[in-house]
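Chain by chain, the residues:
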Amino acid sequence: MSNTKVSTFSATLRDLAMLEAVAKYHGLNKSATIASLVRKEFWRVFPGGTAKIKPDHGAKVEA
């Protein structure tokens, strides 16, 4: 029986290695790292939120 790695997303081996390095650096697992990066990018692109996703109460919002 061989050990195989199964991923639920498509990525090159290089991308996966980069994700693992960032996750290890931050002390997170790969899933949490992806979610964190998505949150950061979302607020960078939509600083005021969207119709469905509003900033947290009291959050500093720059126009």
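Scroll up a little and you will see the structure.
Rules and cut-offs
- Residues numbered from 1 in each chain as written.
- Predicted model: local features only at pLDDT ≥ 70, side-chain atom pairs only at ≥ 80, totals over all residues.
- Heavy atoms only, no water.
- Helix = DSSP H or I, 4+ residues; strand = E, 2+ residues; numbered from the N terminus.
- Buried < 20%, exposed > 50% of the residue type's maximum accessible area, 1.4 Å probe, protein only.
- Lys, Arg positive; Asp, Glu negative; His and termini not counted.
- Charge placed at Lys NZ, Arg CZ, Asp CG, Glu CD.
- Salt bridge = Lys/Arg side-chain N within 4 Å of Asp/Glu carboxyl O.
- Expected span 1.5 Å × (residues − 1).
- Polar contact = N/O pair within 3.5 Å; in protein donor to acceptor, adjacent residues only side chain to side chain.
- Phe/Tyr/Trp six-rings, centres within 6.5 Å; stacked < 30°, edge-to-face > 60°.

> Go over the overall build of the chain, please, and point to the residues and values.
Looking only at helices and strands, one finds two helices and zero strands in the chain. Once the C-alpha set of the chain is aligned to its principal axes, its extents read approximately 55 × 25 × 20 Å. Looking at the 63 residues of the chain, the share that counts as buried comes to 10%. Side chains of the chain give 10 positive and 5 negative charges; the mean places of these two sets differ by 3 Å.

> Can you break down the pattern of salt bridges residue by residue, with the values?
Within the structure shown, the criterion is met by two salt bridges. One salt bridge in this structure joins Glu-20 and Lys-30, with 3.5 Å as the shortest N-O distance. With Glu-20 in helix 1 (residues 13-26) and Lys-30 in helix 2 (residues 30-45), this pair connects stretches of sequence that are 10 residues apart. The salt bridge involving Glu-41 is made with Arg-44; its shortest N-O contact spans 2.7 Å. Of this pair, Glu-41 and Arg-44 both sit in helix 2, three residues apart, which is roughly one turn of that helix. Judged by its relative accessible area of 38%, Glu-41 is partly exposed.

> An account of helix 2 is requested, with residue identities and associated values reported.
With 16 residues, helix 2 should reach 22 Å at 1.5 Å per residue; the first-to-last C-alpha distance of 23 Å fits that figure. The opening residue of helix 2, the one whose side-chain oxygen lies 3.1 Å from the backbone nitrogen of Ser-31, is Asn-29.

> Lay out the packing of aromatic side chains with the relevant residues and their values.
Applying the stated criterion to the full structure yields two aromatic pairs. When the centroid spacing of 4.8 Å and the interplanar angle of 90 degrees are considered together, the rings of Phe-42 and Trp-43 count as edge-to-face. Here Phe-42 and Phe-46 contribute two aromatic rings whose centre-to-centre distance is 5.2 Å and whose plane-to-plane angle is 45 degrees, an arrangement assigned as tilted. For Phe-46, a relative accessible area of 37% gives the class partly exposed. Members of the aromatic cluster, connected to one another through ring pairs, are Phe-42, Trp-43 and Phe-46.

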